[in-house]
Amino acid sequence: MRWFLSTPRRAQRVGRHLLLLHVLGRRSGRELVFPVAYRDGGDGRLLVLTNSPWRVNLRDRPDIAVTLLGRRLAARAQLVEDPDRVAQVYHSLIEQAGHQRAGRRMGIKINVPRTPTHGELTEAVRRDGLALVYLDVESGT
């Protein structure tokens, strides 16, 4: 996947939904590169939904880089782990997509035949370690 996303020509199609996140390891100091799915955050930022352990590398270290559509750009990451805030965003995204399709689109399992309540989502956020990463990406023009 890294190979596909690393140049503009190869990233034309798959790069509309995936990017490479370049972060420094919290302990090692080495550059770590993760392919992640992203979406429009609705406020000019990109939004990544995750429960992956790599997110801890963003705590108090917001300056990162991304490879977006084959171009490496500087970015600033805001990690959101507050269960209430994360649950609000998940609820909104589930409502937009419809609960029948949201699970697959968002990479989560919805165990009820409706949109989960805020309380159910907050519990899931805590249990599954769900988090949000907002990315402010430089234009690179």
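Residues numbered from 1 in each chain as written. Predicted model: local features only at pLDDT ≥ 70, side-chain atom pairs only at ≥ 80, totals over all residues. Heavy atoms only, no water.

S.K.: So what exactly am I meant to see when it comes to the side chain of T50 here?
M.R.: Structurally, the position occupied by T50 is in strand β4 (residues 46–50). Residues contacting T50, with those up to four places away along its chain left out, are R55, Y90, G129, L130, A131 and V133. (Helix = DSSP H or I, 4+ residues; strand = E, 2+ residues; numbered from the N terminus. Contact = heavy atoms within 4.5 Å.)

S.K.: Looking at this structure, how should I read the environment of R76?
M.R.: By secondary structure assignment, the location of R76 is in strand β6 (residues 71–80). In this structure, the C-alpha to C-alpha distance between R76 and D136, residues 60 residues apart in sequence, is 5.1 Å. Setting aside residues no more than four positions away along its own chain, R76 makes contact with P62, D63, Y134, L135 and D136. In this structure the side chain of R76 is engaged in a polar contact, spanning 2.5 Å, whose partner is the side chain of D63. (Polar contact = N/O pair within 3.5 Å; in protein donor to acceptor, adjacent residues only side chain to side chain.)

S.K.: Quick question: what am I supposed to make of the environment of P83 here?
M.R.: Looking at where P83 falls in the secondary structure, it is placed in helix α2 (residues 83–97). Residue P83 is classed as buried on the basis of its relative accessible area, which comes to 19%. Separated by 28 residues in the primary sequence, P83 and R55 have C-alpha atoms spaced 15 Å apart. Not counting the four nearest positions on each side in its chain, P83 is found in contact with T122, V125 and R126. (Buried < 20%, exposed > 50% of the residue type's maximum accessible area, 1.4 Å probe, protein only.)

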